[in-house]
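A closer look at the structure
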Amino acid sequence: MTGRLMLLDTASLYFRAYFGVPESVKAPDGTPVNAVRGLLEFIDRLVKDHRPDQLVACMDADWRPQWRVDLIPSYKAHRVAEEHEAGPDAEEIPDTLSPQVPVIEDVLDALGIARVGVARYEADDVIGTFTALAKGPVDIVTGDRDLYQLVDDERGVRVLYPLKGVGMLQLTDEAVLREKYGVDGRGYADLATLRGDPSDGLPGVPGIGEKTAAKLLAEFGDLAGIMAAVDDPKAKLTPSQRKRLDESRPYMAVAPTVVKVADDVPLPEVDTALPHTPRDPAALDALAARWGLGGSLHRLLVTLGA
């Protein structure tokens, strides 16, 4: 992969599209297509504004991998709609969004936009691996702060974080991370481990929030340094911090593996080049007619062909 690579955290973006575009946007048969059309508008704006050479829609083949659950059973447990013995558990998503996901996948395939999901891994891990392999700059588009850990000024890796739609994006580089969190990209995973994340079922270390986590990392360097300080009576820890960190050793032994984005996913062979013409025009025409994709699809096709 050469040139600028753009990686889409697809589920994060179609969730935002679903909640940002009214359900009154419907196909001719009355089926809501707000997430489909909203995602197409997002991609159109992203390609127009940032002109990537390569584009990959990264997918959650497994939104709650068992290897992460084995380490921390509470991981995303509150979002399980139905448990499955064979294969990933079903995620709780709105009734009118779930039927739109296969349509999104069909439209991306017909357009020729690379779409990659890998069994046993989340989209974050696919993004982490593409980022590790990239030879040029990388733009990661996500509403998930977990991916801040991949930000790397030296390699030109930044996160485009939607603040409002995708018309207003926070271009997240190391300066932004240091200003907001007091850490760089590599330090963000350590901060997230200490702080925890209720939305992902990660408890963190009780009593250690974002600011305290940043101070501890500034003082001791990384998680290993912090845990070494717990055993050092001369280290500058309050009695409460020392006690809570000591009691959290079982969590601290496994949480970094859960929080860290994988960078060794076995990716399939895929053409990541930004398409300028649809891969399957006939299929795209049929999808456009069936789902009433209208101007949203037309504008994206014009942008891709420009």
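Structure report, in brief. Keep in mind that this is a model prediction, so the values were computed, not measured. (Residues numbered from 1 in each chain as written. Predicted model: local features only at pLDDT ≥ 70, side-chain atom pairs only at ≥ 80, totals over all residues. Heavy atoms only, no water.)

1. Regarding the sheet that holds strand E8 (residues 168-172)
- Read across the sheet, six strands follow the order E5-E2-E1-E6-E7-E8 without closing on themselves; strand pairing throughout is mixed. If you trace the sheet from one side to the other, it starts and ends with strand E5 (114-116) and E8, each paired once. For this sheet, the mean inter-axis angle between neighbouring strands, taken without regard to orientation, is 25 degrees.
- Relative to strand E2 (residues 54-58), strand E1 (residues 5-9) is paired through five bridges, and the arrangement is parallel. Bridge assignment links Asp9 to a residue of E2, and that residue is Cys58. (Pairing = 2+ DSSP bridges. Helix = DSSP H or I, 4+ residues; strand = E, 2+ residues; numbered from the N terminus. Axes fitted to C-alpha atoms, helices over the stretch in contact; angles between N-to-C directions.)

2. Some thoughts on the packing of helix H2 (residues 34-50) against helix H13 (residues 294-305)
- As a packed pair, H2 and H13 sit with axes 9 Å apart at the nearest point and diverge in direction by 20 degrees. Considered as vectors, H2 and H13 are oriented roughly parallel to each other. Handedness of the crossing formed by H2 with H13: left-handed. Of the residues in H13, those in contact with Arg37, Leu40, Glu41, Ile43, Asp44, Val47 and Lys48 of H2 are Gly295, Ser296, Leu297, Arg299, Leu300, Thr303 and Leu304.
- Taken together, the residues that form the contact of H2 with H13 break down as six nonpolar, three polar and five charged. (Parallel < 35°, antiparallel > 145°, perpendicular 65-115°, else oblique. Left-handed = near helix turned anticlockwise from the far one by under 90°. Contact = heavy atoms within 4.5 Å. Nonpolar A, V, L, I, M, F, W, Y, C, P; charged D, E, K, R; others polar.)

3. Overview of the pattern of salt bridges
- Here the structure, examined in full by the defined rule, presents 21 salt bridges.
- Two residues, Asp139 and Arg4, come together in a salt bridge whose shortest N-O distance is 3.2 Å. Of this pair, Asp139 sits in strand E6 (residues 138-141) while Arg4 is found in the segment before E1, placing the two residues 135 residues apart along the sequence.
- Judged by relative accessible area, Arg4 falls into the partly exposed class, the value being 24%.
- A salt bridge links Arg249 to Asp231, with the nearest nitrogen and oxygen atoms 2.6 Å apart. (Salt bridge = Lys/Arg side-chain N within 4 Å of Asp/Glu carboxyl O. Buried < 20%, exposed > 50% of the residue type's maximum accessible area, 1.4 Å probe, protein only.)

4. Digging into the environment of Asp89
- Considering the arrangement of structural elements, one finds Asp89 in the loop between strand E3 (80-82) and strand E4 (90-91).
- For the pair Asp89 and Pro65, spaced 24 residues apart in sequence, the C-alpha separation works out to 9.1 Å.
- Side chain to side chain, Asp89 and Arg64 meet in a polar contact 3.2 Å long. (Polar contact = N/O pair within 3.5 Å; in protein donor to acceptor, adjacent residues only side chain to side chain.)

5. Structural notes on the packing of helix H4 (residues 100-111) against helix H12 (residues 281-291)
- Two elements in contact, H4 and H12, have axes whose closest approach is 9 Å; the angle formed by their N-to-C orientations is 145 degrees. Crossing hand, H4 versus H12: left-handed. The segment H4 lies against H12, with Val103, Asp106, Val107, Ala110 and Leu111 engaging Ala283, Leu284, Leu287 and Trp291.
- Across the contact of H4 with H12, the residue classes tally to eight nonpolar, no polar and one charged.

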